[in-house]
Each structure stands twice: as structure tokens, then as C-alpha cells.
Amino acid sequence: MNLKTFFNFNFLKENIRKSKGILAFLLGIIPVINIIYLVVLLNINHGTLLTFNTLSFFTYFGILFIPLGLSLSLFSFIFKKASVDFILSKPVNRKSIYITNTIGGILLILLFVILNTFIFGIFGLLFSELIIPFKMLIDYFIFWLISYIFIFLVLNLAMVIAGNMITSLVISACVILFVPFLQGIIYLNHSNTNYYLECNNEYCDNSNYYCYGDKDCEKHLKNNEYEIYPDIFIDYHFTAPLSIANNNTTIYDTISVVKMLLLSTLYSVVAYFIFKRRKMENNETSFKSSFIHLLVKGITLLPISFIAYVIIKETDFVGWLIAILAIIVYSVVYDLITRKEIYKPVKSTIVSLILFLMFTGVYHLNFEVFISKEKVLSNIDKIVIEGMDITDDTLKKEIIASLISRNNEEITSSYDITIISNNNRYDLDVSVNSNIEAKITKEYLNWQENKIKNFPFNETNYIKYNDLSIPVTSKIKKLISDNIDKRKDFDMTSLNETEVLTLYSYQNHEYQSIIIPIKISNELYKEVLTHQNEEFIKYVEENNKHPYYTLNIYNSNYFTEEDAYLFDYVINSNQSEFIRYLKYDNNIDISKESIVITIYDINTYSLTISDASKFKEEFASYKKKIENEEEYKRLLDEYTKMNYEEVIIYDN
Amino acid sequence: MIEIKNLSKSFNHQDYVLENLNCTIKNNAIYGLVGANGAGKSTLLRIINSIYTADNGIVLIDNENAYDNELLKQEMVFVPDDLYFYPGYTLMDMAEFYKALYHKFDMNYVINIANTLKLDINAKISSFSKGMKRQCALICALACNAKYLFFDETFDGLDPVVRKFFKKLLAEAMSRQDTTIIMTSHNLRELEDICDNLGLLYKGSILFESDIDTLKTNMFKVQISLKGDFDKKTFKKLKLLSYKKVGSVATLIIDEEGKNSKEFLESLNPIILDYLPLTLEEVFIYQMEALGYEFENIL
């Protein structure tokens, strides 16, 4: 088989050449913006963990206009008689034109996605401040390649079906939005429903649950059903460009990717056969067939009719009048735009009005007649708190009981929870008492423990300590994996943010994170603090302005409140000595009492001074040097006065 | 050789632009396609060039189905009446486009002819006049060295000098290789000068085909005056395409169809008998009139 019969490289080359300006712009704009974005991130952050969504932000904006530009460059010739004559008379057959243009477009998209992936990869490699895991780059490449190709093929299909560009855009919108629109209608149906939770376990206490004469409430109460107000989520798995609306923490959705792959194959095959048989004389109008013109117009009436239905519901007769007028105007305007004529005005208007009435009827049935105004959640398959499945059945029952409890006196904490019932997701807030809170915490620790057991330490992408990114070196990774079992010696619930490390690893298209005590290894702790201090010194040295030093964590045996008040002025007045001290006299020794100094800027920079006793003497010498300075004296007076006023207020 | 068999095409499944059209065009000839507006000339050229698909019938070129035949299309170039150039393209850019697609494209030919015609090959075609644009299209078409050239309203917009120059180039192309040219034009005088054969397209089918010389020698305009009264019936033995009498002088358009009209007319002892040659335009008009096409209502 001769490959040239399918793919004509010269034809593609010429097609690209004729549109080189627009193609260069289309394919270059997003990579340029991405570079600027990464440079900005580098300048404002000292360690950024890029998520899939962050990485995709600007790529997402190109999802419509880049495939559209490509599709127009390659296929819009079919909309003009002169260009049809020009192209189709050339020694390239229709099969070859379609396949060459389609593969050419896909190759350009591939180039575009590779370029972006390469940019992210290079930035990730060159700048350790930007954490871009390789697995995420693969996800980015796959997801956006398939998404862009999907939209490109939808647009191609629309173009070969339609006779002009406006109509092709209408068809594209129909292809892309038809199913999501129907799903949206179903969602609205769900959100209009009153939800009740069945609670008949031994923990359910309705002694504080009152119906205040509400008959429905009383009826349900008899059956141990209590009204709840959840946010309802349906797993849509939308295809691009609506993938952003999927109910996931990341845009990446495997089911969406598979859907797009299958639909892309289907659309490209359908478009191929249509293109081969296309009546090329059918250009500059919507469709040759009047039926198809009316059918597509009918589909576009679906959302218009929905808006009209909402108006009618609120305004009765006037609403009907406005809606009918709007449909007539829309019908005429649609014909004028897509066919450049008022096409069979009587027939067209009648068909539009009949369809409008039909759709309105369907909406009415959907929202008013067939709708179950009540839904009782009796089968709770799963309860999820902050990503953790509750496995303890007793705790599950207690949480369900807490959802209906109106006893506010015992509440100590509240959580965002997700209930999965019959594959539907309901998000709720639950307020719990100390007993349940403790159980949730215990369950959470168990869950964390399991996560730690299964955590791929060798694939750690990011380590966070007190808002600081710690370089993920093989030494640190080894220190962690060698000492991870020592975590059991720590009470995780009592550790604050300066005592833990958060480890992130990109697995299954999302970051998995675990929290571990930093002091599982002295060497690890020393490594982390040394890095933290280096970052602090680097910031002070590179920063032109005077930073504001806050004596953040200190022991009052070594530093008084007066010291804390004067701290910034004293350090700034002795900055060079202070830096020298940090560089040469501040070896981390975790056995000694330490203090923490913090600078709050765009980012927070912390410094651990290892030996508080030694630094006390250093600080005293700084004070001595400037004790005769006017500003120092003024600050001292200010502090004394402030302290005096506080004492008076206190005494009073 | 181009063979068109039972070709039909309609744009609305009712009114056929081409209906059961049959035609054979021999190689190494210039075939002029004439017909009234809407007769289907351009549609026929578009079907031959696989731009439109026929509802029925087939176009065979060198005994191969011409539809979407990539190999055959290497030997076919179509210059439509409505010209198209890529936005911002120069003649050189267009030539490169053609070169990428036609194996036998001759870039030197483009440069030489453009120089002769004083066309700036690096100037944007969009800045050219209508005639210059047609020159560009014709140069590119001829440079393809294709065996079959299809020209729709070929010389539209060209000045007489350039027109003559291109006629010379067409003749050269025919002598260089067995080129067959099919051209349409409303200007029948133009076809008269250049075409070997002529086909008259009427109501979707070829009404008649003939070589130009036969066509012109078979039809005559005769001015005749007889002694005594006479009318159209007097000439019923002849095939009259048109009969007009002003005073005692009648003007007849006679289609000879192998008969010798002169012998018959002389036997009537005319006072005046003048045989005048017909221009192709007149042949076309009288043939059409004979078929009921009412020019008088238009003119």
C-alpha cells in the first residue's frame, strides 16, 4: 500500500506555508505565556509544587481557539466556491485531502503539546524551585494532546457537515454541549429535590429535632427520616472543553480521556466518509437539506427553550408572550446568520414554535411531573472525610446520627464530609462532639499510618517544612525511608507545623501527601534546618530592603519581651555581624535550646538559631554597640511607656 | 481522450443542470464549449475535474474513471472563471504551490513568461488587476505541462495583446505535447479563432458537436429576392434555421446538412442571391433560435 495515497506531505507543507503566520501565533502564544508564567512563579516563590491544574491553566484557555484556528486553516476552503475549485482541481484526491489535513492538524497539536511539555520539563529540570513531577508531565502530555485533538476533530466534523463557518460553529457547540446540557438539566432536577437521611441506628437521637408543625417533616420523622441540605454532585466525566467542570480536584480524568479517544475515532471516521461524499456545491449556506437545517436549529432551541421555560414559570401569560416572540425572532435571526436569508419563514417559524412547545413540555415534565420532590438516603455506601473513607461502622453510625442531631451544646468540631449513596455524591457539613472528634482523629491517624506504609518514598516529589520547600535529595529521601518506623515514637496529634515534614508524591494523576515527624532522625532534622537557615541568609543577603525580623519562638529564660520588641532594630543595625554569626557560628545542634526568627514577606522565611544561650550573648553585644543611638533610645522609651500603659490598663 | 457518458447533475434533485450528457473530446485538440448562461458549462468542467460529483454517469479520461483520480489529475489543470489565490501570495508563491503538487511543473517557464509579460513575480497577487490575476493563473496552469487543460472563461479580463500572446502559448503547448484544451467562453469570436471543435451545450446536454470549419461551411446566411411573391414555404425543401423578410428581400439562415442549397435557390431564378459567411456567434445564435431560445425577447 502506497502511503502517499493517504498522506500528501507536499499538500500539507503548502497548507502550513499559506497559514504560517496564524499557525505560528496559535502554536506559539500559549508556550510563550507559559514561559512568562513560570518565570513569574520562580520570582515570587522559593519552592512551588505545581499541580496538574496549575500546569494546565493557560493550556486550558487555548482549548477552543487553537483547534479552531487549525481547523479553519486546513478545512475552511470548503466554505468558498473559488477555494473549492482551486483545491479540489489539484492532483490530490478527497481521501488524501481529508487524511492529510487531519493528520497534519494532529501533528501540529502534537508539536504544540510537546513544546509546552518540554518547556515545563526544562523549567522543572533547571530550577529546583519549581516542582514538576515527570509523571505529571506525562499526564499533561496525554490529557491535553487528546483534548486538543478531540476538539479539532469535532470542529472538522462540523466543518465538513456544514456549508458555512457559522453553521459549523453551531454544530460544534451542539456536538460538544448537547450531552453536558442534558446532564445539567438532570442535575437541576436533583438540586430541586428535598433530601432526607434515614437514621434509625442506636445513636440516633431526635429529642431535639422539631418539625414546628411541618406536615412533611412530621411524616418523615415517623419513619426516622430527617431533612438534610447536601450539595449534590454527579460524576459527569465531561469531555473537553468542559473537563474543568468535572467534580475532581484535578482536571485530569481518565474516563474523560477514554471518552474523548473513542469519540475522536468515531468523529474522524464519520467526517472522513462525509467529506468523501460531500457535495462541494453546498457552500455559503447552512445545509443543502432543509430537514437538517431545521434539525440543527431545533437542537439549538433546547437551551433557548429552557431559558424561556424559566421565564414562563415566573411570569405566566406575559412570559408566554415574551417567549413566543423571542422564539420567532430567534428563528428568523438564526436563518439570517446561517443561511443569509429568511428561509421558508412560515414553515421555519411553525417548526420552531412546535419544537419550543415540545421542549417546554419536556422541561415541565422533567421539573414538575416526573420529578421526585423527595429523596430519602437510606443506603449509605461510604462516608468520606478529607479524602479518608470511614471504615469503622460504629463511627459511621455516629456521624450519621450527628447529621441529624440538633444538640449544639456538645459540639466541639465540624467537618466537610461526603456521603456516597447509590453512586451519587452528597457533600455536607457535620458537627460532632468531642467523643466522635476523637474517634475521627484516631481513624485519621490510622489512615495516615496506612498512607505512610504505602507511600513511595523514592518517588517523593516535594517536601514541605513550615511553608518551605526542602530539596528532595537522595540523602534526605534515604534518611526518611531509613527512619520512618521511628514515627511510632511520636504523638502526631501534639506536633505543630515546625515539627513535621509533609511529603508529596504524584501518584494516579494527583498528589498523595503524608505527614511525618521531622525528628525521626537527628540528621534529617539538621539537614532541614540547615537548608532553612541557608534560604533565610540567602534572602537577607539578596534583599535590598531591610527585612523585618520577628523573634518568633523563643524561651523567656534567654530573651525578654523588651528584647523581642527591640529585636528587629537591633538585628538590622548589626546585620553584617548577624549574617557572619549565622554563617559561621550557628551550626545546628538539636540537643540545645533554640530560637526561631521569622521574616514575613511575600513568602515567610524562618531561621533556627541553634544555641539560644550563645546567641543571647551575641545579641547583648549587638545592643551594646547601639545603646547610645537616638533611635534605639526612642524605641526603648516607647516600649517602656507602652508597657507602663498596659500595666495601668491591667490594674484598672 | 475524454469520454463523457450519460452524465447527469442536479443541484436540487429536480432540475437537472446536466442531463444524460454524452460527449467525446479527442486528444490534441482545442474544444470550445458554448452554451447559454446556466447551460451547465462550468458545472461540466467542475465534474470532469472532480470538484462536483455527478448524480449519474461517468467521465473517462484515457479510459480511466476521472473521478478523484489523483494520478490522472496530475495531467489535468483547471482554471475556473472565479480565480482564487492564497491571501498574501505572490506569483512565485503560487508557482511553488503548483510545483509541490504537479510533478512536471516548470518553474523556469513561469519566470520567463512572467518576465515577458512584465509581471513582478514577487509582488502580491492581491495587488494585481483582474487581467494580471488571470495571467498568473494561466501561466501556472501552462507551466504544469499537463495533458488536459480546462479553462472556464479563459480570456476574461485580458487585453487583446495578452490574449493573442496566450493563444500563441496554447498553440505552443499543443505542439510541444499532445495537449487537449477544453475552454468555455461567451465570446464566441474568441473560440472561433482558436478552437478546433465546438460543442453546444443546451438544457444539460450537448446539442451538437462539430469542428469549427464544418460548422461554418454548413451554415450560411443567404439574402435572396425572387420575382413575384414568396414566403417561407417557398424554401420548405431547405433546413431553415431562420427566416426574415424585409420588403422583397428575405434573409435565410440555412443549415446545409450535406444538401446543396445553392442549386435549389438558383433554380428559383432569384433577382438577388448572396451567400454570406456566418460568424460563430451567429451560428450559435441561430442554432439556439432554431431550438426555441428566444433571443428577440431578450434583445
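The shown structure was predicted, so the numbers you read here are calculated from the model rather than taken from an experiment.

Caption draft 1: Layout of the overall build of chain B. Looking only at helices and strands, chain B has 11 helices and 14 strands in total. Judged by the C-alpha coordinates and their principal axes, chain B covers about 70 × 45 × 35 Å. For chain B, the proportion of its 299 residues judged to be buried stands at 38%. For chain B, long-range pairs separated by at least 24 residues make up 71% of all intrachain contacts whose partners lie at least 6 apart in sequence.

Caption draft 2: Molecular detail of the overall build of chain A. Along its length, chain A carries 19 helices and 17 strands. For 652 residues, the compact-globule estimate of 2.2 N^0.38 gives 26 Å, and the C-alpha radius of gyration of chain A, at 33 Å, exceeds that figure by more than 25%. Taken across its 652 residues, chain A has 34% of its residues classed as buried. When contacts within chain A are restricted to residue pairs at least 6 apart in sequence, those whose partners lie at least 24 apart make up 73%.

Caption draft 3: Molecular detail of the domain arrangement of chain B. Residue and element names in this part refer to chain B. You can read the domains of chain B as domain 1 (2–203) and domain 2 (215–298). Spacing between the C-alpha centres of domain 1 and domain 2 amounts to 36 Å. Listed by partner, the interface residues are nine residues for domain 1 and nine residues for domain 2. Listed by contribution, the elements that provide at least two residues to the side of domain 1 that touches domain 2 are α7 (188–194) and β9 (197–202). Ranked by the residues each element gives to the side of domain 1 that touches domain 2, the list is headed by α7, at four residues. Among the residues making up the side of domain 1 that touches domain 2, the classes are represented as seven nonpolar, no polar and two charged.

Caption draft 4: Representation of the interface of chain B and chain A within the structure. Residue-level contacts link 21 residues of chain B with 23 residues of chain A. Counting only elements with at least two residues in the side of chain B that touches chain A, the list comes to α2 (70–73) and α3 (91–101) of chain B. At three residues, α3(B) tops the list of elements feeding residues into the side of chain B that touches chain A.

Caption draft 5: Structural view of the confidence of the model for chain A. Summary statistics for chain A give a mean pLDDT of 88 and a share of 97% for residues scoring 70 or more. The secondary structure element of chain A with the lowest average pLDDT is helix α19 (residues 630–651) of chain A, at 79, and the one with the highest is helix α6 (residues 134–161) of chain A, at 96.

Caption draft 6: Fine view of the nonpolar core. One finds A:Val154 and B:Phe150 to be the most contacted residues of the largest nonpolar core, which totals 171 residues. Here this core takes 18 residues from α6(A), the largest share from any one element. Every residue in contact with B:Phe150, bar those within four places of it in the chain, is listed here: B:Leu45, B:Ile48, B:Asn49, B:Met76, B:Val77, B:Phe78 and B:Ile182. Counting 22 residues, the second largest nonpolar core, distinct from the first, contains A:Tyr226, A:Ile380, A:Ile419 and A:Ile440.

Caption draft 7: Seen up close, helix α3 (residues 52–75) of chain A. Compared with the 34 Å implied by 1.5 Å per residue over 24 residues, the 32 Å span of α3(A) between its first and last C-alpha is a close match. In α3(A), a bend of some 50° at A:Ile63 exceeds every other bend along the element, and A:Pro67, a proline, comes one to four places later.

Caption draft 8: Main features of the pairing of strand β3 (residues 194–198) of chain A. Residues and elements named next belong to chain A. Note: β3 against strand β6 (residues 374–377), four bridges, orientation parallel. Bridging across to β6, asparagine 194 finds its partner in glutamate 374. Bridge count between β3 and strand β4 (residues 225–228): four bridges; the pairing is antiparallel. Across the sheet, residue tyrosine 196 finds its bridge partner in β4, namely glutamate 227.

Caption draft 9: Broad picture of the environment of A:Asn194. Residues and elements named next belong to chain A. The topology assignment puts asparagine 194 in strand β3. With 15 C-beta atoms packed within 10 Å, asparagine 194 lands in the partly exposed category. With 137 residues separating them in the primary sequence, asparagine 194 and serine 331 have C-alpha atoms 37 Å apart.

Caption draft 10: Expanded view of the sheet that holds strand β12 (residues 240–246) of chain B. Residues and elements named next belong to chain B. Taking strand neighbours across the sheet as the criterion, the four strands line up as β12-β13-β11-β14 in an open arrangement whose pairing is antiparallel. Sheet topology places β12 and β14 (272–277) at the edges, where each strand pairs with a single neighbour. Strand after strand, the sheet turns through a mean of 15° between neighbouring axes, direction not considered. With six bridges joining them, strand β11 (residues 219–225) and strand β13 (residues 249–255) adopt antiparallel strand pairing. Residue pairing in the sheet places lysine 221 in a bridge with isoleucine 253 of β13. On the sheet, helix α10 (residues 280–290) packs against β11, β12 and β13 and is oriented at approximately 95° with respect to β12.

Caption draft 11: Spatial organisation of the domain arrangement of chain A. When its domains are assigned, chain A resolves into domain 1 (1–176 + 252–280), domain 2 (379–448), domain 3 (455–520) and domain 4 (534–651). Residues belonging to the side of domain 3 of chain A that touches domain 4 of chain A are distributed by class as follows: one nonpolar, two polar and one charged.

Caption draft 12: Up close: helix α5 (residues 130–143) of chain B. Residues and elements named next belong to chain B. Spanning 14 residues, α5 covers 20 Å between terminal C-alpha atoms, matching the ideal 20 Å at 1.5 Å per step. The set of residues buried in α5 consists of Met132, Arg134, Gln135, Cys136, Ala137, Leu138, Ile139, Cys140, Ala141, Leu142 and Ala143. At the C-terminal side of α5, asparagine 145 shows a positive phi close to 55°.

Caption draft 13: Fine view of the sheet that holds strand β6 (residues 76–79) of chain B. Residues and elements named next belong to chain B. With mixed pairing, the six strands of this open sheet are ordered in space as β6-β7-β8-β3-β9-β10. Edge strands, defined here as strands with exactly one partner in the open sheet, are β6 and β10 (205–211). Between one strand and the next, the sheet's axes are offset by a mean angle of 15°, whatever the strand orientation. Inspection of the sheet shows β6 paired to strand β7 (residues 148–152) by four bridges, in the parallel sense. Looking across to β7, one finds that phenylalanine 78 is bridged to phenylalanine 150.

Caption draft 14: Region of interest: unusual backbone geometry. All names here are of chain A. In this structure, proline 241 follows alanine 240 across a cis peptide bond, with omega equal to 5°. As for its placement among the helices and strands, proline 241 is situated in the loop between β5 (231–233) and α9 (254–277). Its identity is not glycine, yet asparagine 224 carries a phi of approximately 60°, on the positive side. Among the structural elements, asparagine 224 can be located in the loop between α8 (215–222) and β4. Residue asparagine 224 is classed as partly exposed on the basis of its C-beta count, with 17 C-beta atoms lying within 10 Å.

Caption draft 15: Quick peek at the environment of A:Phe86. All names here are of chain A. The topology assignment puts phenylalanine 86 in helix α4 (residues 81–88). A count of 22 C-beta atoms within 10 Å places phenylalanine 86 in the buried class. Counting along the chain gives 221 residues from phenylalanine 86 to isoleucine 307, while the straight-line C-alpha distance between them is 44 Å.

Caption draft 16: The pairing of strand β14 (residues 510–517) of chain A, seen in detail. Residues and elements named next belong to chain A. Pairing of strand β13 (residues 500–507) with β14 involves eight bridges; the strand directions are antiparallel. Bridged to glutamine 507 within β14 is glutamate 510. Between the antiparallel neighbours β13 and β14 lie two residues, among them asparagine 508 with a positive phi of about 50°.

Caption draft 17: The packing of α6(A) against α9(A), seen in detail. Residue and element names in this part refer to chain A. Look at α6 against α9: their axes get within 9 Å of each other, and the N-to-C directions meet at 30°. Relative to α9, the element α6 lies roughly parallel. Helix-helix and strand crossings are classified by hand; for α6 and α9 the assignment is left-handed. Residues Ile142, Phe143, Ile146, Ser147, Ile149, Phe150, Leu153, Val154, Asn156, Leu157, Val160 and Ile161 of α6 lie in contact with α9, whose contacting residues are Val257, Met260, Leu261, Leu263, Ser264, Tyr267, Ser268, Val270, Ala271, Ile274 and Phe275. In terms of residue class, the contact of α6 with α9 is made up of 19 nonpolar, four polar and no charged.

Caption draft 18: Spatial organisation of the confidence of the model for chain B. Averaged over chain B, the pLDDT score is 88; the fraction of residues at 70 or greater is 97%. For this predicted complex, the interface score ipTM comes out at 0.87, alongside a pTM of 0.86.

Cut-offs used in this document
- Residues numbered from 1 in each chain as written.
- Chains lettered and ligands numbered in written order.
- Predicted model: local features only at pLDDT ≥ 70, side-chain atom pairs only at ≥ 80, totals over all residues.
- Helix = DSSP H or I, 4+ residues; strand = E, 2+ residues; numbered from the N terminus.
- Buried ≥ 20, exposed ≤ 12 C-beta atoms within 10 Å, placed from the backbone.
- Contact = placed C-beta atoms within 7 Å.
- Rg over C-alpha atoms; globule rule 2.2 N^0.38 Å.
- Domains from an automatic or database assignment.
- Nonpolar A, V, L, I, M, F, W, Y, C, P; charged D, E, K, R; others polar.
- pLDDT = per-residue confidence, 0-100.
- Core = buried A, V, L, I, M, F, W, Y, C linked by C-beta atoms within 7 Å.
- Expected span 1.5 Å × (residues − 1).
- Bend = angle between axes of the 7 residues up to and from the residue.
- Pairing = 2+ DSSP bridges.
- Axes fitted to C-alpha atoms, helices over the stretch in contact; angles between N-to-C directions.
- Parallel < 35°, antiparallel > 145°, perpendicular 65-115°, else oblique.
- Left-handed = near helix turned anticlockwise from the far one by under 90°.

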